[in-house]
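Examination of the molecular architecture
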Amino acid sequence: MEGMRSLEKPKVIFVLGGPGAGKGTQCSKIVARFQFEHLSAGDLLRAERAREGSEYGALIDEYIRNGKIVPVEVTCSLLENAMKKSANNRFLVDGFPRNQDNLDGWNRQMSDKVDFQFVLFFDCPEDVCVDRCLTRGQSGSGRSDDNIESLKKRIETYNNDSMPIIKYFEEMGKVEKIDAKYNADDIFTKVEKIFCESGFQ
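Predicted model only: the values in this text are computed from it and were never measured. (Residues numbered from 1 in each chain as written. Predicted model: local features only at pLDDT ≥ 70, side-chain atom pairs only at ≥ 80, totals over all residues. Heavy atoms only, no water.)

**Some words on the nonpolar core**
Core analysis: the biggest nonpolar cluster contains 25 residues, and Val12, Phe14, Met83, Phe96, Trp106, Val119 and Phe169 have the highest contact counts within it. Looking at this core, the elements that each hand over two or more residues are strand E1 (11-17), helix H4 (72-85), strand E3 (90-94), helix H5 (100-109), strand E4 (115-123) and helix H7 (148-171). Aside from chain neighbours lying at most four places away, what touches phenylalanine 169 is Phe14, Pro97, Leu103, Phe116, Val119, Lys174 and Val175. Ile13, Ala21, Leu120 and Cys124 belong to the second largest nonpolar core, which has 21 residues in total. (Core = buried A, V, L, I, M, F, W, Y, C linked by side-chain atoms within 4.5 Å. Buried < 20%, exposed > 50% of the residue type's maximum accessible area, 1.4 Å probe, protein only. Helix = DSSP H or I, 4+ residues; strand = E, 2+ residues; numbered from the N terminus. Contact = heavy atoms within 4.5 Å.)

**Quick look at the packing of H4 against H5**
Relative to each other, H4 and H5 sit at 50°, their axes nearing to 9 Å. Taken together, the axis directions place H4 and H5 in an arrangement best described as oblique. In the packing of H4 onto H5, the handedness of the crossing is right-handed. Contact residues: H4 offers Val72, Glu73, Cys76, Ser77, Leu79 and Met83, while H5 offers Asp101, Asn102, Gly105, Trp106, Arg108 and Gln109. (Axes fitted to C-alpha atoms, helices over the stretch in contact; angles between N-to-C directions. Parallel < 35°, antiparallel > 145°, perpendicular 65-115°, else oblique. Left-handed = near helix turned anticlockwise from the far one by under 90°.)

**Thoughts on H7**
If you check H7, its first and last C-alpha atoms are 33 Å apart, about what 24 residues at 1.5 Å a residue would give, namely 34 Å. Helix geometry: H7 is bent most strongly at asparagine 159, by close to 35°. Of the residues making up H7, those classed as buried are Ser150, Leu151, Arg154, Ile155, Tyr158, Ser162, Ile165, Ile166 and Phe169. Its buried side turned inward, H7 meets E1, H5, E4, helix H6 (126-138) and strand E5 (175-179). Residue glycine 173 follows H7 closely and has a positive phi angle near 70°. (Expected span 1.5 Å × (residues − 1). Bend = angle between axes of the 7 residues up to and from the residue.)

**Regarding the UniProt feature "binding site: CMP" (unreviewed entry) in the protein**
Within this numbering scheme, the UniProt entry marks Asn102 as carrying the feature "binding site: CMP" (unreviewed entry). Of note, asparagine 102 is situated in helix H5. With a relative accessible area of 2%, asparagine 102 lands in the buried category. Apart from the residues lying within four places of it in its own chain, the contact partners of asparagine 102 are Ile69, Val70, Val72, Phe96 and Pro97. (UniProt positions renumbered as here; feature names shortened; annotations may be inferred.)

Put into structure tokens, the structure is as follows:
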């Protein structure tokens, strides 16, 4: 007989915030402290794009290069596969859902399969985000989109498409908002408190 895990739905926290809001940094701290597995929608897509023989590779490449959002079925499938392969039962889903289409797709494809907890929203002023991304690009992040032209597009897409999603979850009372302009350790102190209060040890 399989263990309990098969009966218990994976617990999922969405991690949202603009480009450069510090999502990746905070996720790695949450992983170390609370034993979550970090699933970055962007990293999964980039890995799939680079994978030999991927059926989605060229499509993903075209979307990422043009600063557009990859079709939701692709992203949900990659997220679902990653969860199935994992021995963990707690997941941070980083950078998703980014727009209404993502949300609708998730609700169709995934919402029954997981135990959704809340959205961890890193709220960061635009100028701070831009500075952080440009610094990251100069120090060799290797990301083709850490330049000012791509950034402007990404921030505009975020404001137009992602903010309404955050509002939607706020209306459900499912958003934990963090002021992300401080340094990483100060931010994590607040994150840790939220996780402890939500019953994660």
